[in-house]
Amino acid sequence: MAPADASAHSLWIYTMNRCSPSPLLRRTLLALAGLGLCGVALAQNAPRNFPANALRGTMVVTQPPIITMDGKAAQLSPGARIKGPGNLLVLPGTVVGQELLVNYTVEPHGLVHEVWILTEAEAAEKRKRAGQ
């Protein structure tokens, strides 16, 4: 007759029996995850490359998608993207009424399509404005 604790490891009762990873495999996976996080952190500090046709302007979101660009009425295109200083997407409703120094591109129909809110270092670089 089998001992009483033999049924505790029955594959019929505990069907989700998994192999526990070896300590070496566990350390390797943790090291790879750590390297992946370091890569993400370094990518956030990388300088942004703006397109050659990007213009400089002062944007104020009045009522999305309506904006003013350098005091003139403009509109965001459908699917427009506003990226913050950390290169993360910013919803237009979160910056309503704020005067922001930005680089932006305009689509062929005249709508503002991509907007980058500038950091102090990026703002120090010279860039062409819309009327120049």
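Residues numbered from 1 in each chain as written. Predicted model: local features only at pLDDT ≥ 70, side-chain atom pairs only at ≥ 80, totals over all residues. Heavy atoms only, no water.

K.L.:
What exactly am I supposed to notice about the overall build of the protein chain here?
P.N.:
Across its full length, the protein chain carries 2 helices and 5 strands. Tracing the protein chain from N to C terminus, the helices and strands come up as α-β-β-β-β-β-α. The contacts of the protein chain with a sequence gap of at least 6 include a subset with a gap of at least 24, amounting to 63%. As displayed, the protein chain has an accessible area near 9,700 Å², and 62% of this comes from carbon and sulfur atoms. (Helix = DSSP H or I, 4+ residues; strand = E, 2+ residues; numbered from the N terminus. Contact = heavy atoms within 4.5 Å. Areas by Shrake-Rupley, 256 points an atom, 1.4 Å probe, with all protein chains shown as cover.)

K.L.:
I tried to follow the pattern of salt bridges on my own but got confused; where do I start?
P.N.:
Should the charged atoms of two oppositely charged side chains come close, the side chains can pair. In the structure shown here, the tally under the stated rule is 3 salt bridges. Across the pair Arg129 and Asp70 runs a salt bridge whose closest N-O atoms are separated by 3.1 Å. Residue Arg129 is found in the segment after helix H2 (120–124), and its partner Asp70 is found in the loop between strand S2 (66–69) and strand S3 (72–83); the two are separated by 59 residues along the sequence. Overall, Arg129 belongs to the partly exposed group, its relative accessible area being 29%. (Salt bridge = Lys/Arg side-chain N within 4 Å of Asp/Glu carboxyl O. Buried < 20%, exposed > 50% of the residue type's maximum accessible area, 1.4 Å probe, protein only.)

K.L.:
Explain the sheet that holds strand S5 (residues 112–117) to me, please; I cannot follow it from the model alone.
P.N.:
Sheet strands pair by backbone hydrogen bonding; their relative direction is either parallel or antiparallel. One closed barrel accounts for 5 strands, arranged S1-S2-S3-S5-S4; its pairing is mixed. Going across the sheet, the axis of each strand differs from the next one's by a mean of 60°, ignoring polarity. Taken together, the 4 bridges between strand S1 (residues 55–63) and S2 define a ladder with antiparallel strand orientation. Bridging from a neighbouring strand, Val60 pairs with Thr68 of S2. (Pairing = 2+ DSSP bridges. Axes fitted to C-alpha atoms, helices over the stretch in contact; angles between N-to-C directions.)

K.L.:
How should I be thinking about the environment of Leu55 in this particular structure?
P.N.:
Secondary-structure assignment places Leu55 in strand S1. Under the relative-accessibility criterion, Leu55 is labelled buried at 16%. Separated by 48 residues in the primary sequence, Leu55 and Asn103 have C-alpha atoms spaced 5.3 Å apart. Setting aside chain neighbours within four positions, we find Leu55 in contact with Val102, Asn103, Tyr104, Arg127, Lys128, Arg129 and Ala130.

K.L.:
Any chance you could explain a nonpolar patch on the surface here in plain terms?
P.N.:
Taken together, the side chains of Leu25, Leu29, Leu32 and Leu35 make up a nonpolar region of the molecular surface, amounting to roughly 410 Å² of accessible area. Given the relative accessible area of 60%, Leu35 is considered exposed. (Patch = residues over 30% accessible without salt bridge, like charges linked within 9 Å, V, L, I, M, F, W, Y side chains within 5 Å.)

K.L.:
Sorry, what's going on with the confidence of the model for the protein chain here?
P.N.:
Close reading of the predicted structure is inappropriate where its pLDDT is low. On average, the protein chain scores 85 in pLDDT, and the residues at 70 or more come to 78%. Within the protein chain, helix H1 (residues 23–44) has the poorest average pLDDT of any element, 71, and S5 the best, 98. (pLDDT = per-residue confidence, 0-100.)

K.L.:
Mind showing me how you'd approach the pairing of S5 here?
P.N.:
Looking down a regular strand, the side chains alternate between one sheet face and the other. For S5, the buried fraction is high: 5 of the 6 residues fall into the buried class. Note that S3 and S5 share 4 bridges and pair parallel. Within S5, the residue paired with Arg81 across the bridge is Glu114. Sheet analysis places strand S4 (residues 99–106) next to S5, joined by 5 bridges and oriented antiparallel. Looking across to S5, one finds that Val106 is bridged to Val112. Linking S4 to S5, which pair antiparallel, is a turn of 5 residues; within it Gly110 sits at a positive phi near 90°.

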